[in-house]
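Now for the letters of each chain:
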Amino acid sequence: MKRIFFLLVVCCYFVSGVERNAHMAIDVEKSVHVVKKTGGENAPTLLLMGGIQGDEPGGFNATDVFLMHYKILSGNVWVVPVLNRYSMLLNHRGIYGDLNRKFAYLSPKDPEYPLIQSIKGLVVDPQVQVIMHLHDGSGFYRPTYKSALLNPRRWGNSSIIDQDELPGVEFGHLKRLSVGITDHVNQFLLKPLHKYHVRNTHTARGDKEMEKALTYFAIKHKKAAFANEASKELSLAQRVYYHLLAIEGLMQEVGITYTKDFTLKPASIYRLINDPSLTLTMNQNILLPLYGLRNQLKFFPFPKDTPVNQISLQSQSYILGLLPRKNQIWLKYGNKLMTRLHPLYLDFDYSLKNIDIELDGKITNAAPASILEVKRSFKILPKEGYRVNVIGFSLKNGGKKPNEVGVKIAYKNLDQRYSIDRGGKIYRIEIYKGDAFSGMVLVRFI
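The rules we used
Residues numbered from 1 in each chain as written. Predicted model: local features only at pLDDT ≥ 70, side-chain atom pairs only at ≥ 80, totals over all residues. Heavy atoms only, no water. Helix = DSSP H or I, 4+ residues; strand = E, 2+ residues; numbered from the N terminus. Rg over C-alpha atoms; globule rule 2.2 N^0.38 Å. Buried < 20%, exposed > 50% of the residue type's maximum accessible area, 1.4 Å probe, protein only. Areas by Shrake-Rupley, 256 points an atom, 1.4 Å probe, with all protein chains shown as cover. Domains from an automatic or database assignment. Pairing = 2+ DSSP bridges. Axes fitted to C-alpha atoms, helices over the stretch in contact; angles between N-to-C directions. Salt bridge = Lys/Arg side-chain N within 4 Å of Asp/Glu carboxyl O. UniProt positions renumbered as here; feature names shortened; annotations may be inferred. Expected span 1.5 Å × (residues − 1). Contact = heavy atoms within 4.5 Å. Parallel < 35°, antiparallel > 145°, perpendicular 65-115°, else oblique. Left-handed = near helix turned anticlockwise from the far one by under 90°. Nonpolar A, V, L, I, M, F, W, Y, C, P; charged D, E, K, R; others polar. Arc of directions from axis to C-beta. Core = buried A, V, L, I, M, F, W, Y, C linked by side-chain atoms within 4.5 Å. Polar contact = N/O pair within 3.5 Å; in protein donor to acceptor, adjacent residues only side chain to side chain.

Next up on the list: the overall build of the protein. Each helix and strand in the protein was counted, giving 7 helices and 28 strands. The C-alpha radius of gyration of the protein comes to 25 Å, within 12% of the 22 Å expected for a compact globule of 446 residues. Expressed along its principal axes, the backbone C-alpha trace of the protein runs to roughly 80 × 45 × 45 Å. Residue burial in the protein is summarised as follows: out of 446 residues, 56% are buried. Accessible surface for the protein amounts to roughly 19500 Å². Of this, 50% is attributable to carbon and sulfur atoms.

Tracing the backbone through its elements, the reader meets Arg376 in the loop between β23 (370-374) and β24 (377-380). Given the relative accessible area of 52%, Arg376 is considered exposed. Through-space distance from the C-alpha of Arg376 to that of Tyr432 is 25 Å; in sequence the pair is 56 residues apart.

Partitioning the protein into structural domains gives domain 1 (35-274), domain 2 (279-346) and domain 3 (355-445). A C-alpha centroid distance of 47 Å is found between domain 1 and domain 3.

The strand order across the open sheet formed by 4 strands is β23-β28-β27-β25, and the pairing between neighbours is mixed. Edge positions in the open sheet fall to β23 and β25 (387-390), since each of these has one partner strand only. In this sheet, neighbouring strand axes are inclined to one another by 25° on average, regardless of whether the strands run parallel or antiparallel. Inspection of the sheet shows β23 paired to strand β28 (residues 436-445) by 5 bridges, in the parallel sense. Bridge pairing in β28 places Val374 opposite Phe445.

A separate point is the pattern of salt bridges. Inspection of the entire model under this criterion finds 14 salt bridges. With a closest N to O distance of 2.6 Å, Arg417 and Asp415 form a salt bridge. A single salt-bridge network, built from bridges that share partners, covers Glu56, Arg93 and Asp98.

Right, let's talk about the UniProt feature "domain: Carboxypeptidase M99 beta-barrel" (unreviewed entry) in the protein for a bit. UniProt tags residues 277-347 as "domain: Carboxypeptidase M99 beta-barrel" (unreviewed entry). Across residues 277-347, helical content stands at 0% and strand content at 59%; the span's end C-alpha atoms are separated by 30 Å.

So, about helix α4 (residues 174-186). For an α-helix, 3.6 residues make a turn, and residues three or four places apart therefore share a direction. Compared with the 18 Å implied by 1.5 Å per residue over 13 residues, the 18 Å span of α4 between its first and last C-alpha is a close match. Listed in full, the buried residues belonging to α4 are Leu174, Leu177, Ser178, Gly180, Ile181, Thr182, His184 and Val185. Looking at the buried side of α4, the elements it contacts are β7 (130-137), β10 (158-161), β11 (197-200), α5 (214-220), β12 (224-231) and α6 (236-254).

The axes of two packed helices give the description: the angle between them and the distance between them. The geometry of helix α1 (residues 57-69) relative to α6 is characterised by a closest axis approach of 8 Å and an angle of 60° between their N-to-C directions. It follows from the interaxial angle that α1 and α6 lie oblique. Considering how the two elements wind past one another, α1 and α6 form a crossing that is right-handed. Across from Pro57, Gly58, Gly59, Asn61, Ala62, Val65 and Phe66 in α1, the residues of α6 making contact are Leu236, Arg239, Val240, His243, Leu244, Ile247 and Met251.

What follows deals with the pairing of strand β21 (residues 355-359). Looking along a regular strand, one sees side chains alternate from face to face of the sheet. Within β21, 4 of the 5 residues are buried, which leaves it mostly tucked inside the rest of the structure. Of the strand pairs in this sheet, β21 and β24 are connected by 3 bridges, and their pairing is antiparallel. Looking across to β24, one finds that Ile357 is bridged to Ile380.

The contact between α4 and α6 brings their axes to 8 Å, and the two run at 130°. By the criterion of interaxial angle, the relationship of α4 to α6 is oblique. Of the two elements, α4 crosses α6, and the hand of that crossing is right-handed. Only Tyr242, Leu245, Ala246, Glu248, Gly249, Leu250, Gln252 and Glu253 of α6 make contact with α4, whose side of the interface consists of Arg176, Leu177, Gly180, Ile181, His184 and Val185. By residue class, the composition of the contact of α4 with α6 is 7 nonpolar, 4 polar and 3 charged.

This brings us to helix α7 (residues 266-273). Along α7, the residues that are buried comprise Pro266, Ser268, Ile269, Leu272 and Ile273. The buried residues of α7 all sit within an arc of 155° when viewed along its axis, so they share a single face. Among the exposed residues of α7, those pointing more than 90 degrees away from its buried face are Tyr270 and Arg271.

What follows covers the nonpolar core. Core analysis: the biggest nonpolar cluster contains 110 residues, and Phe66 and Leu244 have the highest contact counts within it. By residue number, the principal contributor to this core is α6, which donates 11 residues. Not counting chain neighbours up to four residues away, the residues in contact with Leu244 comprise Ala62, Val65, Phe66, Tyr70, Phe262, Leu264 and Ile269. Core analysis: the next-biggest nonpolar cluster, separate from the first, contains 22 residues, Leu352, Ile357, Phe378 and Val390 among them.

The next thing to look at is the side chain of Thr339. Inspection of the secondary structure assignment puts Thr339 in strand β20 (residues 336-346). For Thr339, a relative accessible area of 1% gives the class buried. Within the structure, the side chain of Thr339 is placed 2.7 Å from the backbone oxygen of Arg294, a separation counted as a polar contact. For Thr339, the residues in contact, after removing those within four places along its chain, are Leu293, Arg294, Asn295, Gln296, Leu297, Ile329, Trp330 and Leu331.

Here it is, written out as structure tokens:
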């Protein structure tokens with residue numbers, strides 16, 4: 001069994017800019033973020049993409065869960081977790097218009113022109129044989145009219161193809177593969193209402209809107225392409241459930257084998273999306289849990305003279321971003337707002353490798369961007385050249401800059417208003433070299 005690996009080809013962008021005309025002015029992404037999961041170079045390659053519309057969270061949460069919890073045994077899957085990250089962070093279909101209607105023709109003056117060119121380059125890559133594009137659609141598609149919710153004009157819970165056959169192309173039997181996808185999904189329906197159907201848009205017959213879409217661009221370039229729609233009538237976990245079933249169905253059809261580390265049920269997906277162990281590391285020296293944070297974190301260290309899009313973010317998740325909003329910086333997890341950071345702009349120093357902290361009488365060595373658990377008390381031991389400020393603890397020092405080393409600090413000595421979490425249990429230990437910020441260690445009382 002070959003070991004799975006992740007390859008970051010090029011980094012996705014995070015948002016930066018200032019308010020202008022009620023929208024955020026940004027430098028639009030010039031490339032896409034690709035993660036390759038491989039079980040063998042000589043097997044089929046599937047290009048999986050989500051989030052071309054920023055207000056369709058089923059798709060980009062599905063790619064996120066796929067990246068974190070699936071392992072490819074044979075074949076290859078290239079994943080673009082979210083194509084339209086800026087619109088995702090703003091929970092908007094498309095700040096600069098519908099990104100999925102820009103593939104037939106686009107003026108080079110369009111702010112998303114570089115992004116479209118990057119996506120096109122990925123679609124036509126000779127290593128890619130099959131493409132699946134994830135969407136959230138309205139209602140439930142039915143071939144004939146049943147009701148306002150179930151009719152031919154609805155898109156939800158359908159497998160979309162542009163035509164039945166793509167002659168001379170590997171995996172070009174589009175209808176047959178799409179039937180295989182829907183048959184697989186329909187084995188595991190949560191309700192009969194959710195039944196999947198194949199929807200052929202017959203784009204080449206004159207569907208002017210679909211002619212502008214990503215899948216038809218792929219078809220014209222001799223690539224087997226499918227879109228999967230999960231209904232917006234469903235909960236997020238249910239949408240992701242059906243997207244993952246469709247992905248699994250397509251992988252089975254083209255011979256890509258895989259395993260996953262969870263049972264595919266909406267309840268399991270809900271737990272994965274809302275996993276309290278998810279964290280974010282910023283600039284290598286700050287760590288935050290994603291869940292349980294206070295609505296606002298004040299005086300939060302940010303590097304001076306550094307655009308937000310140049311701040312390094314690392315996480316188990318692939319759909320995080322920082323969104324500047326007036327005098328705040330919002331931490332977003334997909335569409336979800338996790339906290340509002342009130343930046344304190346400082347010089348950053350990266351010389352600190354570790355610091356000794358006494359936890360309940362035992363000394364441990366902690367690196368920046370770590371979280372430590374403590375039952376009773378902690379004490380930061382002195383480190384030459386550095387000073388410490390424990391946020392929420394006050395030591396009378398005659399007006400000097402805080403240096404709270406060598407002091408045993410119990411839970412009762414901390415002001416819970418300054419915890420980073422709503423439960424009042426997690427506190428910031430900030431380390432400085434002179435006036436420069438060197439890193440943060442968190443302590444969690446248990």
